[in-house]
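Structural overview for review
What follows is the residue order along each chain.
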Amino acid sequence: MTADLPPKPPSRPEKVSLWRYLRLFRQDILSAQPAKLYRAWMAEFRTPFFRSYLANDPDLVKRVLKDRPDDFPKSDRIGAGLRPLLGNSVFLTNGEVWKRQRRIIDPAFEGGRLRDTYGAMYAAGEAAVARLAQRQGTLDIEPETSHVAADVIFRTLFSIPIEDETATQVFEKFRDHQRTQPILNLAAFIPGPRWMPRFFKKATTDTAADIRRLITDLTERRMFEIDGGTAPDDLATKIMTTKDPETGRAFSTEEMVDQVAIFFLAGHETSASALAWSLYLVARYPEWQDRLAEEAAGLSADFSSVSALKLSRDVFREALRLYPPVPMMVRETTCPETMRGRRAPKGSQIVLSPWHLHRHTRLWDNPDGFDPTRWGTENGKTCQRDAYIPFSAGPRVCTGAGFAMVEGPVLLSMLLRRFRFDVTEDIPVPVAHLTVRAKDGIRLTVSER
Ligand code: HEM
């Protein structure tokens, strides 16, 4: 057990006006919440327009995500801000459209395919090590982890490194886009009345259009290569050549563009955030860093070496617990629901909060402490099953969960076997923008091991 706790954002006072709450919320959804949410099983939030319920009870979470997911779809309003970029992507759709999309996408991410994508992941790791060797000294580690996570996506999806001209442009445009339109926007959690029109800033629609144009080029080029029999065997080819077993139809180019946009968005910000917090944690608890560096000596470009990264996986899993990159998710009730004796009307928002569930004081031993050994304890195993949802759960679980659980520990190991990471005086403050990031970056001192 570690007495020295890693950073946790301050909670707001118990009682604040709705207006103050909204203001705090706009700044950061984590520190806008009262401390009691870390011990509550459920919390109700009423506004003039809608009701919202934060569900922290593992049975409720199971009901929403696993038992009856069709009755708790994503709300259209949540997707509103993302639609210019993501179109009809699997992240936003519901019902039959969503099911069909998953039938086509899921096979590309199955266990067996991970072996095929591993070479590209490892190559991205080597490139990141080479980049960092040039930088060293004290630096903000988040841009570095963003860079390598984007590189992993481009190499595994389209067999191109981030240095490719189109890839670089997409990466940069995404950065601009996120500044104007975060994925976790305020509207997702505090929707206005249904009749309220949504306006997009011109900058948002412009960058979205630019990104889609670039992705369309890549996708069209790939369609051409598939037709000519010259396409590389990567994730894009796999997805674009998979036919829905029920309808026999594959994605059109337009549909594929929607999916590529979400793979890039969902797959790179999240992994970047998790890797950055993992590096911070091992810098803060250096005894773990040394153990991981030792373990990493056995890692190679051969996929079978990944299974030996046990400590690295435990540390990465603990980073995902303490700093879940997607801190909250929202669903909507399609019929009245009784939850812990309360009646939620149709159209209520159900907020599932990995952030609170992962630190729930009535579920976890040492909830705020960094303890990668917990996964071997009875409490850790029970909580992993019932109260650990960094990738969500049930049929709508993150498509890239298996991918990310290889990528994270592998990149962490590759970086730690070459470099030492030390904390500086700046203690990062977690805030939720697009993903859980540090308010002013994560500054670490990097040196050759
Ligand atoms: C540490 C890394 C990652 C974390 C923590 C993470 C987390 C999540 C979570 C929590 C969701 C569910 C969101 C919701 O239902 O509202 C999700 C969905 C999704 N993720 Fe990930 N993700 C990660 C990496 C990836 C990667 C690498 C990819 C793809 C290459 C990916 C692709 C997706 C897609 C396509 C969805 C939408 C699935 C659907 O709605 O059916 N993610 N992710």
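This text goes with the structure placed above it.
Scope of this entry: the structure provided in the associated data block.

Here is what the cut-offs are and how they apply
- Residues numbered from 1 in each chain as written.
- Predicted model: local features only at pLDDT ≥ 70, side-chain atom pairs only at ≥ 80, totals over all residues.
- Heavy atoms only, no water.
- Helix = DSSP H or I, 4+ residues; strand = E, 2+ residues; numbered from the N terminus.
- Rg over C-alpha atoms; globule rule 2.2 N^0.38 Å.
- Buried < 20%, exposed > 50% of the residue type's maximum accessible area, 1.4 Å probe, protein only.
- Contact = heavy atoms within 4.5 Å.
- Areas by Shrake-Rupley, 256 points an atom, 1.4 Å probe, with all protein chains shown as cover.
- Phe/Tyr/Trp six-rings, centres within 6.5 Å; stacked < 30°, edge-to-face > 60°.
- Lys NZ or Arg CZ within 6 Å of the ring centre and 35° of its normal.
- Axes fitted to C-alpha atoms, helices over the stretch in contact; angles between N-to-C directions.
- Parallel < 35°, antiparallel > 145°, perpendicular 65-115°, else oblique.
- Left-handed = near helix turned anticlockwise from the far one by under 90°.
- Nonpolar A, V, L, I, M, F, W, Y, C, P; charged D, E, K, R; others polar.
- Pairing = 2+ DSSP bridges.
- Near = heavy atom within 4 Å.
- Polar contact = N/O pair within 3.5 Å; in protein donor to acceptor, adjacent residues only side chain to side chain.
- Donors = N, O, S within 2.8 Å, 3.2 Å for Na, K, Ca; no water.
- Core = buried A, V, L, I, M, F, W, Y, C linked by side-chain atoms within 4.5 Å.

**A few points about the overall build of the chain**
- Within the chain, the regular secondary structure consists of 17 helices and eleven strands.
- The C-alpha radius of gyration computed for the chain amounts to 21 Å, which stays within 12% of the reference 22 Å derived for 449 residues, consistent with globular compactness.
- Its C-alpha atoms give the chain principal-axis dimensions of roughly 55 × 55 × 40 Å.
- The buried share of the chain, taken over its 449 residues, is 57%.
- Intrachain contacts of the chain at a sequence separation of at least 6 include 74% that bridge at least 24 residues.
- Roughly 18,800 Å² of accessible area belongs to the chain as shown, and the carbon and sulfur atoms make up 53% of that amount.

**A short note on the packing of aromatic side chains**
- For the coordinates displayed, the defined rule picks out 15 aromatic pairs.
- Relative to Y280, the ring of W277 has its centre 6.1 Å away and its plane inclined at 85°; by these criteria the two rings are edge-to-face. Residue W277 and its partner Y280 are both found in helix α12 (residues 253-284); the two are separated by three residues, about one turn of the helix. For the pair formed by W277 and Y280, the shared burial category is buried.
- Put simply, the rings of W277, Y280, Y323 and W355 touch in pairs and so form one group of aromatic residues.
- The ring centre of Y323 lies 5.5 Å from the NZ or CZ of R359, which sits over that ring.

**Some words on the packing of helix α7 (residues 141-158) against α12**
- Taken N-terminus to C-terminus, the directions of α7 and α12 make an angle of 140°; their axes are 8 Å apart at the nearest point. When the axes of α7 and α12 are compared, the pair comes out oblique. Relative to α12, α7 is oriented so that their crossing is right-handed. Mapping the contact onto sequence places I141, E142, T145, S146, V148, A149, A150, I153, F154, L157 and F158 in α7 and V260, F263, F264, G267, H268, E269, S271, A272, L275, A276 and L279 in α12.
- Classifying every residue of the contact of α7 with α12 gives 15 nonpolar, five polar and two charged.

**Section: the sheet that holds strand β2 (residues 51-55)**
- Across the sheet, which stays open at both edges, the four strands sit in the order β1-β2-β7-β4 with mixed pairing between neighbours. Among the strands making up the open sheet, the edge pair consists of β1 (42-46) and β4 (329-332). Each adjacent strand pair in this sheet contributes to an overall mean axis angle of 25°, direction not counted.
- As defined by bridge partners, β1 adjoins β2 across five bridges and the pair is classed as antiparallel.

**Observations regarding the site of the ligand**
- Neighbouring residues of the ligand: 26 residues in total, closest W98, R102, R331, R396 and C398.
- With respect to the ligand, the side chain of K74 contributes an N or O atom lying 3.3 Å from an oxygen atom.
- One of the backbone N or O atoms of V90 is found 3.4 Å from an oxygen atom in the ligand.
- By residue number, the principal contributor to the shell around the ligand is α12, which donates five residues.
- Here the shell around the ligand is composed, by residue class, of 16 nonpolar, six polar and four charged.

**Considerations on the side chain of K74**
- Mapped onto the secondary structure, K74 falls in the loop between α2 (58-67) and α3 (76-79).
- At a separation of 2.9 Å, a polar atom in the side chain of K74 contacts the main-chain carbonyl oxygen of F91.
- When neighbours within four sequence positions are excluded, K74 is seen to be in contact with F91, N94, V330, R331 and R396.

**A word on the coordination of the iron atom of the ligand**
- Its sole protein donor being C398 (SG), the iron atom of the ligand sits 2.3 Å from that atom.
- By the secondary structure assignment, C398 is in the loop between α16 (378-386) and α17 (401-418).

**Looking at the sheet that holds strand β11 (residues 443-448)**
- Spatially, three strands are ordered β3-β11-β8 in an open sheet, and the strand pairing comes out antiparallel. Both edges of this open sheet fall to β3 (137-140) and β8 (419-423), since each of them pairs with a single strand only. When strand polarity is set aside, the average angle formed by the axes of neighbouring strands in this sheet is 35°.
- Two elements, β8 and β11, share five bridges in a ladder whose sense is antiparallel. The residue of β11 that forms the bridge with F421 is V446.
- Here α17 sits on the sheet in contact with β8 and β11, set at roughly 95° to β8.

**Here we look at the environment of N88**
- Here N88 lies in the loop between α4 (83-86) and α5 (95-105).
- Overall, the relative accessible area of 41% leaves N88 in the partly exposed class.
- A C-alpha to C-alpha distance of 9.8 Å links N88 and I262, two positions 174 residues apart in sequence.
- Setting aside its immediate chain neighbours within four residues, N88 contacts R83, T93, Q101, D258 and Q259.

**Comments concerning the packing of helix α13 (residues 286-296) against helix α14 (residues 310-322)**
- At a minimum axis distance of 8 Å, the contact between α13 and α14 shows a crossing angle of 140°. What the angle tells us is that α13 and α14 run oblique. Of the residues in α14, those touching α13 at W288, R291, L292 and E295 are K310, L311, S312 and V315.
- Per-class residue counts for the contact of α13 with α14 are four nonpolar, one polar and three charged.

**Focus: the nonpolar core**
- By size, the foremost hydrophobic cluster in this structure holds 97 residues, and its most contacted members are I141, L279 and F421.
- Top contributing element to this core by residue count: α12, with 16 residues.
- Excluding anything up to four places from it in sequence, L279 contacts I141, T145, L412, L415, L416, F421 and L444.
- With 28 residues, the next largest nonpolar core counts L65, A274, C383 and A393 among its residues.

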